[in-house]
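Close look at the chain arrangement
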Amino acid sequence: MSDCIFCKIAAGEIPSTCLYEDDTVFAFRDINPQAPVHFLVIPKEHIASMNDVNAENAAVAAHCLEVIGGIAEKEGLTGGYRVISNCGPDAGQTVPHLHFHVLGGKPLGEKII
Ligand code: DGP
C-alpha cells in the first residue's frame, strides 16, 4: 500500500535497522523501544491487522511467527521474550499494518495475561 509506513520500511524506502529479511517477512528494531530488545516482525504484503488474516494470507502471517525464535536467539534473548500484536484502537494499534512486537532483554514484570 503506497501510503503505509511499514510497507515503505519493508521496501527499503524508509530506513530501519533490519534484523532479518526474506521473501515474505521483514524484521527491524522498533523506533521507540519499550525494552532493551524490541523489534517488530511484519509481512511484506500489506495486511492491516490481525482482523485481516484470512485463509489466503495465513501462511504469510504464520511465517512472521516462524522467524521470531531465530531472531530472538541472535538477539541474545536466552531468558525469554514477549510477543504482542496490537489490533485496533482499543489495543492501541497505531500503524495499520500487521506487526508483532518482540520484547525482551530484561525481566518484563507486570503483565496483562
Ligand atoms: P503499535 O502501537 O502496536 O501499532 O506499534 C507501532 C510501533 O511501530 C511503535 O512501537 C513504534 C513503531 N514505529 C512507528 N513508526 C516507526 C518507524 O518509522 N520506524 C521504526 N523502526 N519503528 C516505527
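Above this text is the structure in question.
Residues numbered from 1 in each chain as written. Predicted model: local features only at pLDDT ≥ 70, side-chain atom pairs only at ≥ 80, totals over all residues. Heavy atoms only, no water.

1. Remarks on the pattern of salt bridges
Scanning the model with the defined rule gives 2 salt bridges in all. A salt bridge links Glu21 to Lys44; its shortest N-O distance comes to 2.8 Å. Here Glu21 is found in strand β1 (residues 18–21), whereas its partner Lys44 is found in the loop between β3 (37–43) and α2 (58–74), with 23 residues between them in sequence. On the basis of relative accessible area, Glu21 is assigned to the partly exposed category, the value being 42%. For the salt bridge of Glu75 with Arg29, the shortest nitrogen-to-oxygen distance reads 2.8 Å. Residue Glu75 is located in the loop between α2 and β4 (81–84), and its partner Arg29 is located in strand β2 (residues 25–29); the two are separated by 46 residues in the primary sequence. Arg29 sits in the partly exposed class, given a relative accessible area of 34%. (Salt bridge = Lys/Arg side-chain N within 4 Å of Asp/Glu carboxyl O. Helix = DSSP H or I, 4+ residues; strand = E, 2+ residues; numbered from the N terminus. Buried < 20%, exposed > 50% of the residue type's maximum accessible area, 1.4 Å probe, protein only.)

2. Observations regarding the site of the ligand
Taken together, the neighbourhood of the ligand is formed by 15 residues, with Arg29, Asp30, Asn86, Thr94 and His101 sitting nearest. A distance of 2.8 Å is found between a nitrogen atom of the ligand and a backbone nitrogen or oxygen belonging to Arg29. In this structure, Ile31 approaches the ligand through a main-chain N or O atom, which is 3.2 Å from a nitrogen atom. For the ligand, the protein covers 83% of the area, taking 510 Å² as the surface of the free molecule. When contributions to the shell around the ligand are tallied by element, the ones reaching two or more residues are α1 (5–10) and β2. Considering each element in turn, the shell around the ligand owes the most residues, 3 residues, to α1. Residue classes in the shell around the ligand are distributed as 7 nonpolar, 6 polar and 2 charged. (Near = heavy atom within 4 Å. Polar contact = N/O pair within 3.5 Å; in protein donor to acceptor, adjacent residues only side chain to side chain. Areas by Shrake-Rupley, 256 points an atom, 1.4 Å probe, with all protein chains shown as cover. Nonpolar A, V, L, I, M, F, W, Y, C, P; charged D, E, K, R; others polar.)

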